[in-house]
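# Structure assessment
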Amino acid sequence: MIVVMAPNAKSEHTDSVINRLKKEGFEVHLSQGVSRTIIGIIGDKTRLTGLALEAMSSVEKVVPILRPFKLAGRDFKPEDSTVEVTPDVKFGGKKIHVIAGPCAVEGENQLMEIAKEVKASGATLLRGGAFKPRTSPYSFQGMEEEGLKILAAARQETGLPIVTEVMDVRNIPLVARYADLLQVGARNMQNFFLLKELGRIQKPILLKRGASATIEEWILAAEYIMSEGNHNVILCERGIRTFETYTRNTLDLSAVPAAKNLSHLPVVVDPSHGTGKWSLVAPMARAAIAAGADGLMIETHCRPEEALSDGQQSLTPENFSETMKQMQDLASVMGREL
Ligand code: PEP
Ligand code: MN
């Protein structure tokens, strides 16, 4: 349920509604917009009837939430959320952030070289997998802690905050010690134990959409993290499994406005995993901006033909720089910055 306060309600009125709800054992989530204050109520709604909140003149109405998600939903919080990774890097505002870097950290020279290139072209975050969720157990699985140390060294060198995947609850403390933004991969989107544990830290989480997850399931996965107290969640569309095999996945760009209609969380698009082909990355990156994305995740490698994973979808520094220019042009048409 949500309580919509009357337009002229003062903060003391809101406080008295909140106090009343808390006294009855409800958990309360306050959303203060420019024109309206909304109080979200979590708890046994059958106990609400006795409270007669609508009898208070400062309360306009009490309405049920029909959607399955609460904290992640627009009903609870109508305004867009911004998620801060560092004081200079906030997702969900006017600025569109670009996360770039290789699929996997392969070594110090490889990462340093590409980190400097993407920074020079305007990327604002550096990515690189240290724990890799590979389809085959015989494929390169990542450099693990050594990879995290290399990421931290690249951050030191370039100033770019780092994004890397956490695959297992046992590795959360380790990954959180190094990463500025922790990624939950598509394969783990419904690993509910992992999501809940990530809800108990305060670092921001980039939540990729599962390859066969509906938009509602994806937002419910965000709800799992938020329900444990961590509201710093960024959604990432990375393509879904369809009958099409020409592309690695089918990038579902309609998910961007759809997720934004349903949720106040920022939405990022990953056209690299979304298409699996480097030549499709730039057009889909532009399309993502046109669809309203708050950020992009783009795989880049100085020598894609030598990459240990996902070389076929990685941009060279030259292609990345050109893609950035095209995205900047489009961002300004859309009234955004990049
Ligand atoms: C990745 O970003 O490195 C990755 C493995 O992506 P996804 O989980 O979307 O497949
Ligand atoms: Mn990859």
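Anything mentioned here points back to the structure above.
The present account deals with the structure reproduced in this document. Small disclaimer: the values here were computed from a predicted structure and weren't measured.

A separate point is the overall build of the protein chain. Of the regular secondary structure elements, the protein chain holds ten helices and 14 strands. Rg of the C-alpha trace for the protein chain: 21 Å, near the compact-globule value of 20 Å for 338 residues, within the 12% margin. Projected onto its principal axes, the C-alpha coordinates of the protein chain cover approximately 70 × 45 × 45 Å. Counting across all 338 residues of the protein chain, residues that qualify as buried make up 54%. Taking as baseline every contact in the protein chain between residues at least 6 positions apart, the subset at least 24 positions apart corresponds to 69%. By element, 50% of the accessible surface of the protein chain is carried by carbon and sulfur atoms, the whole surface being about 14,800 Å².

At 2.0 to 2.4 Å from the manganese ion (ligand 2) lie its protein donor atoms, namely Cys103 (SG), His273 (NE2), Glu299 (OE) and Asp310 (OD). The sequence pattern formed by the donor residues of the manganese ion (ligand 2) is C-x169-H-x25-E-x10-D. A residue pair is termed long-range when its members are at least 10 positions apart, and Cys103 in the loop between strand 7 (97-101) and helix 2 (108-121) and His273 in helix 8 (residues 271-275) qualify at 170 residues. As far as the burial class goes, Cys103 and His273 line up, both buried.

To continue, consider the environment of Thr247. Looking at where Thr247 falls in the secondary structure, it is placed in the loop between strand 12 (233-237) and helix 7 (255-262). For the pair Thr247 and Gly276, spaced 29 residues apart in sequence, the C-alpha separation works out to 6.0 Å. When sequence neighbours within four positions are dropped, the list of residues in contact with Thr247 reads Thr275 and Leu280. Within the local environment of Thr247, its side chain forms a polar contact with the backbone oxygen of Asn249, the two atoms lying 3.0 Å apart.

Here we come to the sheet that holds strand 11 (residues 205-208). What links the strands of a sheet is backbone hydrogen bonding, and the strands pair in either a parallel or an antiparallel sense. Within the closed barrel, the eight strands sit side by side as 7-8-9-10-11-12-13-14. Their pairing is parallel. Recorded for the sheet is a direction-independent mean angle of 25 degrees between the axes of neighbouring strands. Lying over the sheet, helix 7 contacts strand 12 and strand 13 (267-269), oriented at roughly 170 degrees with respect to strand 13.

Let us now look at the packing of aromatic side chains. Here the structure, examined in full by the defined rule, presents one aromatic pair. Between Phe192 and Tyr224 the ring centres are 4.3 Å apart and the planes differ by 25 degrees, which places this aromatic pair in the stacked class. Of this pair, Phe192 sits in helix 5 (residues 192-198) while Tyr224 is found in helix 6 (residues 215-227), placing the two residues 32 residues apart along the sequence. Residue Tyr224 is classed as partly exposed on the basis of its relative accessible area of 30%. Cation over ring: Arg47 sits above Phe26, and NZ or CZ is 5.0 Å from the ring centre. Against the face of Tyr246 rests Lys277, its NZ or CZ located 4.0 Å from the ring centre.

This part is about unusual backbone geometry. A positive phi angle is found at Ala52, which is not glycine, with a value near 45 degrees. By secondary structure assignment, the location of Ala52 is in the loop between strand 3 (37-42) and strand 4 (59-63). Positive phi values are uncommon outside glycine, yet Glu144 reaches one of about 50 degrees. Inspection of the secondary structure assignment puts Glu144 in helix 3 (residues 144-158).

This paragraph deals with the sheet that holds strand 4. An order of 2-3-1-4 is seen for the four strands of this open sheet, with the pairing classed as antiparallel. Every other strand in the sheet has two partners, leaving strand 2 (27-32) and strand 4 as the edge strands with one partner each. Sheet twist, expressed as the mean angle between neighbouring strand axes with direction ignored, is 20 degrees. Pairing of strand 1 (residues 2-5) with strand 3, which is carried by three bridges, proceeds in the antiparallel orientation. Paired with Val4 across the two strands is Ile38, which belongs to strand 3.

Below, the discussion takes up the site of ligand 1. In the vicinity of ligand 1, the residues found are Arg127, Lys132, Pro133, Glu165, Gln183, Gly185, Ala186, Arg187, Lys208, Arg238, His273 and Glu299. Ala186 places a main-chain nitrogen or oxygen 2.8 Å from an oxygen atom of ligand 1. Across the complex, the protein chains shield 97% of the 300 Å² of accessible surface that ligand 1 would expose by itself. Counting atoms within 2 Å of the grid points, the majority share of ligand 1 lands in the largest pocket.

Turning our attention to helix 7. Looking at helix 7, one finds that the buried residues are Ala255, Val256, Ala259, Lys260 and Leu262. Around the axis of helix 7, the buried residues are gathered within 165 degrees of arc, so they sit on the same side. Packing partners of the buried residues in helix 7 comprise helix 6, strand 12 and strand 13.

Quick notes on the rules
Residues numbered from 1 in each chain as written. Chains lettered and ligands numbered in written order. Predicted model: local features only at pLDDT ≥ 70, side-chain atom pairs only at ≥ 80, totals over all residues. Heavy atoms only, no water. Helix = DSSP H or I, 4+ residues; strand = E, 2+ residues; numbered from the N terminus. Rg over C-alpha atoms; globule rule 2.2 N^0.38 Å. Buried < 20%, exposed > 50% of the residue type's maximum accessible area, 1.4 Å probe, protein only. Contact = heavy atoms within 4.5 Å. Areas by Shrake-Rupley, 256 points an atom, 1.4 Å probe, with all protein chains shown as cover. Donors = N, O, S within 2.8 Å, 3.2 Å for Na, K, Ca; no water. Polar contact = N/O pair within 3.5 Å; in protein donor to acceptor, adjacent residues only side chain to side chain. Pairing = 2+ DSSP bridges. Axes fitted to C-alpha atoms, helices over the stretch in contact; angles between N-to-C directions. Phe/Tyr/Trp six-rings, centres within 6.5 Å; stacked < 30°, edge-to-face > 60°. Lys NZ or Arg CZ within 6 Å of the ring centre and 35° of its normal. Near = heavy atom within 4 Å. 1 Å grid on protein atoms, 1.4 Å probe; cavity = no way out; pocket = protein on both sides within 12 Å on 5 of 7 lines; lining within 4 Å. Sits in = over half its atoms within 2 Å of the grid points. Arc of directions from axis to C-beta.

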